[in-house]
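Residue strings, one per chain:
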Amino acid sequence: MDTSLNVRIVPMNGDHLDEVAELERVCFSTPWSRNMLSEELENDCSAMLVALDGEGHVAGYAGVQVILDEGYITNVAVRPEYRRRGVAGKLLRVFLDFAQAHQLAFLTLEVRASNAPAMALYEGLGFRNVGRRKNYYEHPREDAVIMTKEFDTNGTADAHLGAGGDGLSQ
C-alpha cells in the first residue's frame, strides 16, 4: 500500500508563518517563534520550503542556510499525522537538488541522538554520521548527531560517501 502523501513543495512566505509557528510548537521542545521564522524568511542566506497538503495547509516545512559553498539544514518538521508518508524526504530532496545545482561542498544538519526514524531517513538520502555535539538539545537534554552529505567539485554526491555510516538506522 502506498502511504506517501501527495504534497506540493513551495517556497515559504509570510502567509505560512502562523501554520509553521504552530508546527514548531507541536514538533519541538524549544520551538522557533513566529518572529524568528519571519526574520529567517528575510535572511538572504536562508531558504525555507513548505509542503502543502491537498487543502493548502502546511503538512511540513524545512529550512536551509547557505554560506559560501556550505549548506546547513536548520529545521525539518512534519505534522505528526503526516509523518512516515514521504513529506520530509520530498522537502530534503529539493535541498539536495539545489546543493548539486549550485555546487555546494556539503549539506549538514543535527538530529537528536534518539531520533532513529529521522536518522534512517537522512542515511537513506546519503547523509552520514560525522560526529556528535554533547548536550546540544534541552528539554530533554540530549546529544545531537551531526549528519553530512558531501558533494564533489562537480556538484554530485561523492561515491565513497554513500549511506551507511555507523549503523544508526533502524
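Residues numbered from 1 in each chain as written. Predicted model: local features only at pLDDT ≥ 70, side-chain atom pairs only at ≥ 80, totals over all residues. Heavy atoms only, no water.

A. Up close: the layout of surface pockets. One number sums up the size of the largest pocket: a volume of about 1300 Å³. Lining the largest pocket are 36 residues, and of these Phe28, Val76, Val111, Asn115 and Tyr122 lie nearest its centre. The leading source of residues in the lining of the largest pocket is strand β4 (residues 70–78), at 7 residues. For the lining of the largest pocket, the class distribution of residues is 20 nonpolar, 8 polar and 8 charged. (1 Å grid on protein atoms, 1.4 Å probe; cavity = no way out; pocket = protein on both sides within 12 Å on 5 of 7 lines; lining within 4 Å. Points joined across faces, edges and corners; volume = space filled by probe spheres on them. Helix = DSSP H or I, 4+ residues; strand = E, 2+ residues; numbered from the N terminus. Nonpolar A, V, L, I, M, F, W, Y, C, P; charged D, E, K, R; others polar.)

B. Region of interest: the side chain of Asp53. Considering the arrangement of structural elements, one finds Asp53 in the loop between β2 (46–52) and β3 (58–67). For the buried residue Asp53, which engages in no salt bridge, the nearest side chain bearing the opposite charge is Arg79, 6.8 Å off. Here the side chain of Asp53 touches Tyr82 through a polar contact of 3.0 Å, side chain to side chain. (Buried < 20%, exposed > 50% of the residue type's maximum accessible area, 1.4 Å probe, protein only. Lys, Arg positive; Asp, Glu negative; His and termini not counted. Salt bridge = Lys/Arg side-chain N within 4 Å of Asp/Glu carboxyl O. Polar contact = N/O pair within 3.5 Å; in protein donor to acceptor, adjacent residues only side chain to side chain.)

C. The pairing of β4, seen in detail. The sheet contact formed by β3 and β4 spans 8 bridges and is antiparallel. Within β4, the residue paired with Gly60 across the bridge is Val78. Two successive antiparallel strands, β3 and β4, enclose a turn made up of 2 residues, where Leu68 displays a positive phi of approximately 55 degrees. Of the strand pairs in this sheet, β4 and strand β5 (residues 106–112) are connected by 3 bridges, and their pairing is parallel. When the sheet's bridge partners are listed, Glu70 is paired in β5 with Phe106. Handedness of the β4-helix α3 (residues 87–101)-β5 crossover: right-handed. (Pairing = 2+ DSSP bridges. Right-handed = clockwise from strand over helix to strand, strands pointing away.)

D. Structural detail: helix α1 (residues 17–27). Residues Leu17, Val20, Ala21, Leu23 and Glu24 constitute the buried set of α1. Each buried residue of α1 sits inside an arc of 155 degrees when the element is viewed along its axis, so together they form one side. Buried residues along α1 sit against α2 (34–42), β2, β3 and β4. (Arc of directions from axis to C-beta. Contact = heavy atoms within 4.5 Å.)

E. Representation of the sheet that holds strand β6 (residues 128–137) within the structure. The 7 strands lie next to each other as β1-β2-β3-β4-β5-β7-β6, forming an open sheet whose pairing is mixed. Of all strands in the sheet, those with a lone pairing partner are β1 (8–11) and β6, marking the two edges. Strand-to-strand, the axes of this sheet are offset by a mean angle of 25 degrees, without reference to chain direction. As judged from the 7 bridges shared by β2 and β3, these two strands associate in the antiparallel manner. Across the sheet, residue Ser46 finds its bridge partner in β3, namely Gln65. Seen against the sheet, α2 touches β2, β3 and β4 and runs at an angle of roughly 115 degrees to β2. Each of β4, β5 and β7 (142–150) touches helix α4 (residues 116–124); the most contacted strand, β5, lies at about 165 degrees to it. (Axes fitted to C-alpha atoms, helices over the stretch in contact; angles between N-to-C directions.)

F. Structural view of α3. The end-to-end C-alpha separation of α3 is 22 Å, in line with the 21 Å expected for 15 residues at 1.5 Å each. When α3 is considered as a whole, its buried residues turn out to be Val87, Ala88, Gly89, Leu91, Leu92, Phe95, Leu96 and Ala99. (Expected span 1.5 Å × (residues − 1).)

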